[in-house]
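Architecture and fold: a report
These are the residues of each chain, in order.
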Amino acid sequence: MNLWVRLFLTFLICLSLTLSMLGVFFALTFRDYYETELFNRMLFQADVLEPRLKSFILSGDPFGVNDFLKEESNKFPLLGLSLLDSNGKIISSTWGQKGDDWSAFPEVASVLKRENGFNIRTFDFEKQAFVATPIVSDQEIIGIIVMRSSMEPVSAGTSQVIRFIIGTFLIALLAGVLMVYSSVRIQTQPLQSLIESARNISLGNLDETFESRSSDEVGQLGRVLQIMVTRLKSALREAGEERSRFQAIFSNMVDGLLLIDSNGKILLANNSFLTIFGVSFKDIIGLQIDNSVLPLQLSAIILRGEDGVDSEMMLEKPTKRALRIRTATIEQDGYAIGTLSICEDTTRMKLLESSEQEFVQYISHELKTPLASLSASIETITTKAKHDPEAQAKFLSNMGEDVHRLTDLVNSILTYQRIRDTGEQMFKFGAVEMVLDVHSRFLAYANKRKIHFDFEVPDDEVYVIANKDRIIQVLINFIDNAIRFTPEGGKVIVGIEDTPDSRRVKFYVSDTGIGIPKEYIGRIGERFIKIPRKDHRFDTQVGLGVSICKEILRRHGSPLEVVSEEGKGTTFSFYLKRATQSNSREKSADLTE
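From a predicted model like this one, the values you see are computed outputs, not experimental measurements.

Let's shift gears to the overall build of the chain. Scanning the chain for helices and strands turns up 16 helices and 17 strands. Considering only contacts within the chain whose residues lie at least 6 apart along the sequence, 58% involve residues at least 24 apart. Carbon and sulfur atoms provide 56% of the accessible area of the chain, an area that totals close to 34,700 Å².

Between side chains of opposite charge, a pair can form as their charged atoms come close. Counted by the stated rule, this structure contains 14 salt bridges. We note a salt bridge from R321 to D345, for which the minimum N-O separation is 2.7 Å. Placement of R321 in strand 9 (residues 321-332) and of D345 in strand 10 (residues 335-345) is noted, with a sequence separation of 24 residues between them. Judged by relative accessible area, which is 17%, R321 ranks as buried. For the salt bridge of R441 with D437, the shortest nitrogen-to-oxygen distance reads 3.0 Å. Of this pair, R441 and D437 both sit in helix 13 (residues 431-448), four residues apart, which is roughly one turn of the helix. Several salt bridges share partner residues, and in doing so they unite E551, R554 and R555 into one network.

Aromatic rings considered in pairs are described by the distance between their centres and by the relative angle of their planes. Under the definition given, this model contains twelve aromatic pairs. Between the aromatic rings of F123 and F130, the centroid separation amounts to 6.0 Å while the plane-to-plane angle is 80 degrees, which identifies the pairing as edge-to-face.

With that settled, the discussion passes to the nonpolar core. The nonpolar side chains of a soluble globular protein tend to be buried, and buried together. The biggest cluster of nonpolar side chains holds 43 residues, and the ones touching the most others in it are F507 and F574. Elements with a minimum of two residues in this core: helix 13, strand 13 (463-466), helix 14 (468-484), strand 14 (491-498), strand 15 (504-511), helix 16 (544-555) and strand 17 (569-578). Looking at this core, the element that brings in the most residues is helix 14, giving nine residues. Those residues in contact with F507 that sit more than four places away from it in its chain are A431, M434, V435, V464, G495, I496, F572, S573, F574 and L576. L43, L49, L81 and L83 belong to the second-largest nonpolar core, a separate cluster that totals 22 residues.

The next thing to look at is the sheet that holds strand 6 (residues 256-261). Spatial ordering of the open sheet is given by 7-6-10-9-8, a layout of five strands whose pairing is antiparallel. The open sheet has two edge strands, strand 7 (266-269) and strand 8 (311-315), and neither has a second partner. Averaged over all pairs of adjacent strands, the angle between strand axes in this sheet comes to 25 degrees, irrespective of strand direction. With five bridges connecting them, strand 8 and strand 9 associate as antiparallel partners. Looking at the pairing, M313 lines up with L323 of strand 9. Strand contacts of helix 9 (residues 296-304): strand 6, strand 8, strand 9 and strand 10, with the helix running at about 160 degrees to strand 8, the strand carrying the most contacts.

Quick look at helix 9 now. Taken as a whole, helix 9 has its buried residues at L298, S299, I301 and I302. When helix 9 is viewed along its axis, its buried side chains cluster within an angular range of 165 degrees and face the same direction. Buried residues along helix 9 sit in contact with strand 6, helix 7 (271-277), strand 8, strand 9 and strand 10. Immediately beyond the C-terminal end of helix 9, within one or two residues, lies G305, with a positive phi of roughly 60 degrees.

Once that is clear, we can look at the confidence of the model for the chain. For the chain, mean pLDDT is 80; residues scoring 70 or higher make up 84% of the total. Confidence scores differ between elements of the chain, with helix 12 (residues 416-422) showing the lowest mean pLDDT of 45 and strand 15 the highest of 96. When the criterion is pLDDT under 50, residues 414-421 qualifies, and its contacts beyond four places in sequence or with other chains add up to five contacts. Within the model, pLDDT remains below 50 along residues 584-593, and this stretch shows 28 contacts once partners closer than five positions in the same chain are excluded.

Our next topic: the packing of helix 13 against helix 14. Interhelical geometry of helix 13 versus helix 14 gives an angle of 30 degrees and a closest axis separation of 10 Å. Of the possible angle classes, the one that applies to helix 13 and helix 14 is roughly parallel. As helix 13 runs across helix 14, the sense of the crossing is right-handed. Judged by residue contacts, M434, V435, V438, R441, F442, Y445 and A446 of helix 13 engage K468, I471, I472, L475, I476, I479, D480, I483 and R484 from helix 14. Per-class residue counts for the contact of helix 13 with helix 14 are twelve nonpolar, no polar and four charged.

Another aspect to go through is the environment of A129. Secondary-structure assignment places A129 in strand 4 (residues 126-137). The sequence separation of A129 and N119 amounts to ten residues, and the corresponding C-alpha distance is 6.0 Å.

The rules we used
Residues numbered from 1 in each chain as written. Predicted model: local features only at pLDDT ≥ 70, side-chain atom pairs only at ≥ 80, totals over all residues. Heavy atoms only, no water. Helix = DSSP H or I, 4+ residues; strand = E, 2+ residues; numbered from the N terminus. Contact = heavy atoms within 4.5 Å. Areas by Shrake-Rupley, 256 points an atom, 1.4 Å probe, with all protein chains shown as cover. Salt bridge = Lys/Arg side-chain N within 4 Å of Asp/Glu carboxyl O. Buried < 20%, exposed > 50% of the residue type's maximum accessible area, 1.4 Å probe, protein only. Phe/Tyr/Trp six-rings, centres within 6.5 Å; stacked < 30°, edge-to-face > 60°. Core = buried A, V, L, I, M, F, W, Y, C linked by side-chain atoms within 4.5 Å. Pairing = 2+ DSSP bridges. Axes fitted to C-alpha atoms, helices over the stretch in contact; angles between N-to-C directions. Arc of directions from axis to C-beta. pLDDT = per-residue confidence, 0-100. Parallel < 35°, antiparallel > 145°, perpendicular 65-115°, else oblique. Left-handed = near helix turned anticlockwise from the far one by under 90°. Nonpolar A, V, L, I, M, F, W, Y, C, P; charged D, E, K, R; others polar.

Following this line, the structure appears as structure tokens:
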């Protein structure tokens, strides 16, 4: 848009706004005047009617009130006249029903607060004025007069004023257009050549020259612009060379780099930084770092700006990483103009540092479960089944299975990655038989600790599809924990039951033990979690065992449900897919993949 057009429109808009505001001001002033006059007239009419209506109320004789109201309404004239009691209910009205409650109307509500009430609203499809005044006797409100009148006189007077203002506005606007057009057109002529030259320079033609023969302000502007263009060409050439060198270094850094200005605005980031935090240029460039999609912890470290100090943080997404952050302040003429942040990915180094510790913890805990079963079987053989060859053979068989599971544990370490990628094989087996088998392994152990250990299973066999060894591992872990954390005389139950949809079978281990604090229930299954207890008699830590069980159940497509009340007991439950009669053997990949 041309300069002269902008100047012309600016003046035109200013003139229009000024005239419009004056017009609105006068229109509102006259409208308020007409409304005030209308309300004053209605108040005067109410004062005239008050003695007669007061006598009707005090006499307790309402007969004749309706005729009086209709007569007075036509006399003044009014659109309606009503008499209310001191609670705002109609005694008599030319447009309302006797007994109606008008106390919620604004004008009546004002009177009940001992103020004259005024209100304008639409009634019978037209805007009307409502006035309410109190009828007072012995300084107490004994009634209320409500009057309504048409707003037509106010609208008519306001319309006349608006028509006059519009006519004046159009005349002044026409005169202003003619004067401004001629003045602005003459003043902007010398600028056209400068504008054309500047346009060519903006398109990249730095060889353009500014021609100006005049000695006024426009001529001086042309000569100054020409000097600026010459210097700009030299500066751009030097800046281009410097930027190319900087970009080559910045882009090829392995570590993530982020550059912000002194106000925290993100200026630049290299590809490594974008990859680490899973963002793109458009997601962060030009934004304040503390209002961007970057983690708040990163923003706090960078804004703190401790030069030469390494800070560490854990990044959860898009990929879990350990990062080391170092910042360096960029200064110019002794003032900080920005901060360069270097983000080093130390994930692999952290993993190498912690791998040995995690390996020992994992193996020791995984060995604990089958060893607990072996211990329970040995104890049974040497005590209760000491003179029972048949029972001894059964428990020796169980012990052999436990040794076999220990062997499988060692092999699983070597094939862990393959199992994660391909899932586990699922087979059809009898759930009742499995539960009774696990129950028998722990019976002697529970009796030794003076705990009643029972089972609850259906009379008929129930078949499920799962990895039997893994499910036995889960039940052994839950039962072992239940017995260990249940005081003498307590009760532990392992059982199975059907679900309403009959497509799954529910397994549960319930105890009357010490329970789990409410604030820790949601964290059950986290690795290495320890639950603090005031009673040191029972070790209540929950470490890798439950987290391993939770991972096994996840692979079987089942959540781990925990219901517990501290001091009363805990129930662990999960679900397995029911096998159909036609299934004799079924394999399945990890159900959660």
